[in-house]
Amino acid sequence: MISGLKMCLEQPVFAQLRPDFYFRTCRQVFDIIGNVIVDELSSDPRIAASLLRLHFHDCFVNGCDASILLDNSTSFRTEKDAAPNANSARGFDVIDRMKDEIELACPRTVSCADILTIASQISVLLSGGPWWPVPLGRRDSLQAFFDLANTALPSPFFTLDQLKKSFADVGLNRLSDLVALSGGHTFGRAQCQFVTPRLYNFNGTNRPDPSLNPTYRDQLRRLCPQNGNGTVLVNFDPVTPDGFDQQYYTNLRQGKGLIQSDQELFSTPRADTIPLVEQYSNNRFVFFQAFAEAMIRMGNLKPLTGTQGEIRQNCRVVNSRIRSVKNEDHGVVSSI
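Residues numbered from 1 in each chain as written. Predicted model: local features only at pLDDT ≥ 70, side-chain atom pairs only at ≥ 80, totals over all residues. Heavy atoms only, no water.

**Student:** Requested: an account of the overall build of the protein chain, with residues and values cited.
**Tutor:** The number of helices and strands found in the protein chain is 15 helices and 2 strands. The C-alpha atoms of the protein chain give a radius of gyration of 20 Å, which matches the 20 Å a tight globule of 336 residues would have. Overall size of the protein chain, expressed as C-alpha extent along the three principal axes, is 65 × 45 × 35 Å. Residues counted as buried form 53% of the 336 residues belonging to the protein chain. Relative to all contacts within the protein chain whose residues are 6 or more apart in sequence, the contacts with residues 24 or more apart total 76%. Element-wise, carbon and sulfur atoms account for 50% of the exposed surface of the protein chain, whose accessible area totals about 15000 Å². Of the charged side chains in the protein chain, 34 are positive and 35 negative, and the gap between their average positions amounts to 2 Å. (Helix = DSSP H or I, 4+ residues; strand = E, 2+ residues; numbered from the N terminus. Rg over C-alpha atoms; globule rule 2.2 N^0.38 Å. Buried < 20%, exposed > 50% of the residue type's maximum accessible area, 1.4 Å probe, protein only. Contact = heavy atoms within 4.5 Å. Areas by Shrake-Rupley, 256 points an atom, 1.4 Å probe, with all protein chains shown as cover. Lys, Arg positive; Asp, Glu negative; His and termini not counted. Charge placed at Lys NZ, Arg CZ, Asp CG, Glu CD.)

**Student:** Hey, could you go over the nonpolar core for me, with residue numbers and the actual values?
**Tutor:** Most often, soluble globular proteins have nonpolar side chains that are buried together. Ranked by internal contacts, the top residues of the largest apolar core, which has 76 residues, are I33, L69, I95 and M98. Here the element with the most residues in this core is helix α14 (residues 284-299); it accounts for 9 residues. In this structure M98 touches I32, I33, V36, I37, L51, I115 and A119, once residues within four positions along its chain are discounted. Of all hydrophobic cores here, the second largest spans 13 residues; its members include V195, Y200, L220 and C224. (Core = buried A, V, L, I, M, F, W, Y, C linked by side-chain atoms within 4.5 Å.)

**Student:** Report on the state of the cysteines, specifying residues and quantitative values.
**Tutor:** Throughout the structure, instances matching the rule amount to 4 disulfides. One disulfide bridge connects C59 with C64, the sulfur atoms lying 2.0 Å from each other. Between C59 and C64 the disulfide shows an S-S torsion of about 120 degrees. By sign, it is right-handed. What makes C64 buried here is its relative accessible area of 0%. Once the disulfide-bonded cysteines of the protein chain are ranked by sequence position, their pairing pattern turns out to be 1-4, 2-3, 5-8, 6-7. (Disulfide = S-S within 2.5 Å.)

Worth remembering: the numbers are spatial, not functional.
Next up, the structure:
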């Protein structure tokens, strides 16, 4: 076993989360989730990256508890409406499909938080990335955290110092956590609205970001014209847009990072992240190892375990709400 992964497996949280958590209760969970992703990829090549992003956006907001999957209720506002997620986070219907099939096979057994965690790992693997042992046993949050989602998630316009702080604030304080997890942008898409400030008015200068490769800048300007449609999608990686590889880091070295927060890892003067960008660019194995370690560390952020939270039957609503709706349908309003 890779030594770094072994170290992660020995962290105290693994006394609660363990890769074989569903071995006796729902052994087919990986097959069900994997088959759904394979089927979805046949018509939507973006879905793998979208599922990884959902997991990231879940874990950064009060830990990996599937709070991002909850819809609006009378008790809280959904995280889906928060600025980092609104009209960009996607894949919720795919998680619903996974949950429905798992509930048929293993009722009230697998949490939505674990489904999202497994889905992110299989998405990376199916896209050419690494495998890692997924620690399992999380339970689901009883509420969403709209305000926290607006402040905890790193912005595409962050400087390197801001990025470091946002990662450290949730407990990802190793430099490799930041640089390796940023490598998740080696596949997927971003909207033009998160790119155009770099192309035309970087930091209010009325000039483009000087760190942008001029040829790449011109290509992006054709895709994202000034005052154009901000929802148009652009590949994070113009070379292998749907493959999980180390090309992202090579792009950064060439001034071809799509969003500012990516390019900051290499173009910030004297940045301590530069050697890692160079190392990951030159060695896919080293990047894959670092990414796997960072994903395990992120997946271990503040998990609900034991009797905390619940195992949602529907990832969009807490179970008490499901029972309440059912009772209302029969003319009885529940106060659960």
